[in-house]
Amino acid sequence: MSCERVFQPRLEGRPVVVLSNNDGCIISRSAEAKALGLKMGDPYFQVKALLHRHEVQVFSSNYTLYGDMSRRVMHYLGATVPGVEIYSIDEAFLDLGGLETHLTPYLGHLTDLAQRLRAGVKARTGIPVCVGVAPTRTLAKLANRLAKKDSGLGGVLYLDSGERRKWALGQVAVGDVWGVGRQYAQKLAAAGVDSAADLARVSDAWARKHLGGVVGARLVRELQGFSCGKLAPSEDGTLSRQSISCSRTFGRALREQESVRGALAAFVARAAEKLRRQGDLAHVLTVFISKNRFGPDAGGPGGHSRSAVLTLPVPTSDTRELTVRAAQLLARLWEPGAVYVKAGAVLAGLEPPGGQQLGLFEAPPAAAPAATGQGVRLMTALDGLNERFGRGTVQLAAALGPKGGGPVPWQGQAAWRTPAYTTRLEDLLTVS
């Protein structure tokens, strides 16, 4: 939502919502939209009349734009503080260890540093951010939540004393504490634990018994101001993923195996591209296909969703090899006559090239064509072309859709998607 406002300042002060894949439900709301009673996850078709009545601006998800704007924000943060752990596309933990001791004579209070970070992000990207500063990650999340809700805090809340932490804990319901899900919130409320302050007062033994063992105990300790986990930054501020997936809900239900196979080919290609960017190979491939869970055939064999897993004889990141294997798994899962609404592929068992485990009494497996130097060079060339000329410039024929061109049948709906202002030359804003 903030990304859309950067390029359309006229939307400031107006209610704005962003929809999920396939324009399904609301996943982001401006403060003005929240004031209208719109909730996260509201299906678009259910609130369509309300959106129209209050002239709410609606956008389809534009992940290319949001991802690039996020990268710009994280790059600035990473160049400004000692360490950054990117938690999600719009959230990061910053390591400020030692800054107050060594930089206070020059930069002032950490609140002043947080305000400078906010101003720097705003000046470089146009994105407004809020900052919560605290001795633990859980308290920092809590402080950030309050900084967003209370405009009088100026977008920054520093829990620098026991009194301020006690006040902040009393302002947050236990269900809004990071790490407390809906079921635990109900369980805690039944036990008389209604706020974060109540939770911070329970004993270690009680937390272990009622909050999932050591995880719950750590959560309570973090609320009490004792850090139980360190940031996990890497060179580029991200962490290597343990698995990589790509899945989509189709723009319309599909009953032809060829169409679903094409969708899987496109999803596998995207996952393989991410895998190569990380520099790993995949040893395990999982494919799943899903029917409408509320449809008449959802109760067939395996329920509304079915999956198949294959351990590859040789780890690979080659799109060709993975696409062939995915098609084989799809054939095993396919139910003739069924109608499918979603599919996806998951790459797991990730390992660096040359680091695969071999059997003690087995000869090394013969290298598959996908693992040869020629295959590696081909994938490098493919990624280079797609990076230079735009994603999807070069694809496998299996992912191109029906013969004769036209929209691919699995393409999701995105009626209100804005241009990729920062990543496509054709979409650059022009000033006249």
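Whatever comes next refers back to the structure up there.
Keep in mind the model is a prediction, meaning the values are calculated, not measured.

Describing the sheet that holds strand S1 (residues 16-19)
Within the open sheet, the 3 strands sit side by side as S2-S1-S3. Their pairing is mixed. What marks the edges here is a single partner per strand, and that holds for strand S2 (26-29) and strand S3 (57-59). If you compare each strand with its neighbour and ignore which way they point, the axes differ by 25 degrees on average. One ladder, built from 3 bridges, connects S1 with S3; its direction is parallel. Bridge pairing in S3 places Val16 opposite Gln57.

Some remarks on the environment of Gln395
Mapped onto the elements of the fold, Gln395 is located in the segment after helix H15 (373-389). Distance from Gln395 to Thr319, taken between C-alpha atoms, is 9.4 Å for residues 76 residues apart in sequence. A polar contact is formed between the side chain of Gln395 and the backbone oxygen of Gly392, at a distance of 3.0 Å.

Here's the deal with the pairing of strand S9 (residues 282-290)
By the criterion of burial, S9 is predominantly enclosed, with 7 of the 9 residues buried. Relative to strand S10 (residues 305-316), S9 runs antiparallel, the two sharing 8 bridges. Paired with Thr286 across the strands is Val309, a residue of S10. Pairing between S9 and strand S11 (residues 340-348): 7 bridges, direction antiparallel. In the sheet register, Leu285 faces S11, and the bridge partner there is Leu347.

Some thoughts on the sheet that holds S9
Across a sheet, paired strands are connected by hydrogen bonds in the backbone, their directions being either parallel or antiparallel. Overall, antiparallel pairing links the 4 strands, which are arranged S8-S11-S9-S10 in an open sheet. Both outer strands of the open sheet, strand S8 (244-254) and S10, are each paired with one neighbouring strand and no more. Along the sheet, successive strands turn relative to each other by an average axial angle of 15 degrees, direction set aside. Examined bridge by bridge, S8 and S11 share 7 bridges and lie antiparallel to one another. Considered in S11, the bridge of Thr249 is made with Lys342.

Comments concerning the environment of Gly412
With respect to the secondary-structure elements, Gly412 resides in the segment after H15. In the structure, Gly412 is positioned 164 residues away from Arg248 in sequence and 7.7 Å away in space, judged by C-alpha atoms.

Side note on the packing of helix H7 (residues 137-149) against helix H12 (residues 214-223)
With their axes 7 Å apart at the nearest point, H7 and H12 run at an angle of 60 degrees to one another. Here H7 is positioned oblique relative to H12, judged by the angle of their axes. In this structure, H7 meets H12 at a crossing whose hand is right-handed. The residues of H12 that touch H7, namely those facing Arg137, Thr138, Leu139 and Leu142, are Leu219, Glu222 and Leu223.

Looking at the side chain of Ser61
Mapped onto the fold, Ser61 is located in the loop between S3 and helix H4 (63-78). Ser61 sits in the buried class, given a relative accessible area of 3%. A distance of 2.3 Å separates a polar side-chain atom of Ser61 from the backbone oxygen of Leu19. Among the polar contacts made by the side chain of Ser61, one reaches the side chain of Tyr63 at a distance of 3.3 Å. Discounting residues that sit within four places of it in the chain, Ser61 has contacts with Val18, Leu19, Ser20, Asn21, Ile27, Tyr66 and Arg417.

Looking at the packing of H7 against helix H8 (residues 162-171)
Where H7 contacts H8, the two axes come as close as 10 Å, and the packing angle between them is 70 degrees. On the basis of the axis angle, H7 is roughly perpendicular to H8. Read as a crossing pair, H7 and H8 show a hand that is left-handed. Residues Leu139, Leu142 and Leu146 of H7 form the contact with H8, whose participating residues are Arg165, Trp167, Ala168, Leu169 and Gln171.

Some thoughts on the pattern of salt bridges
In total, this model carries 18 salt bridges according to the counting rule given. Linking Arg270 and Glu273 is a salt bridge whose minimum nitrogen-to-oxygen distance equals 3.2 Å. Highlighted residues: Arg270 and Glu273, both in helix H13 (residues 257-278), separated by 3 residues, approximately one helical turn. We classify Arg270 as buried; its relative accessible area is 16%. One salt bridge connects Arg325 with Glu321, and the closest N-O pair in it is separated by 2.9 Å. Pair noted here: Arg325 and Glu321 are both in helix H14 (residues 319-333), with a separation of 4 residues, about one helical turn.

About the criteria used
Residues numbered from 1 in each chain as written. Predicted model: local features only at pLDDT ≥ 70, side-chain atom pairs only at ≥ 80, totals over all residues. Heavy atoms only, no water. Pairing = 2+ DSSP bridges. Helix = DSSP H or I, 4+ residues; strand = E, 2+ residues; numbered from the N terminus. Axes fitted to C-alpha atoms, helices over the stretch in contact; angles between N-to-C directions. Polar contact = N/O pair within 3.5 Å; in protein donor to acceptor, adjacent residues only side chain to side chain. Buried < 20%, exposed > 50% of the residue type's maximum accessible area, 1.4 Å probe, protein only. Parallel < 35°, antiparallel > 145°, perpendicular 65-115°, else oblique. Left-handed = near helix turned anticlockwise from the far one by under 90°. Contact = heavy atoms within 4.5 Å. Salt bridge = Lys/Arg side-chain N within 4 Å of Asp/Glu carboxyl O.

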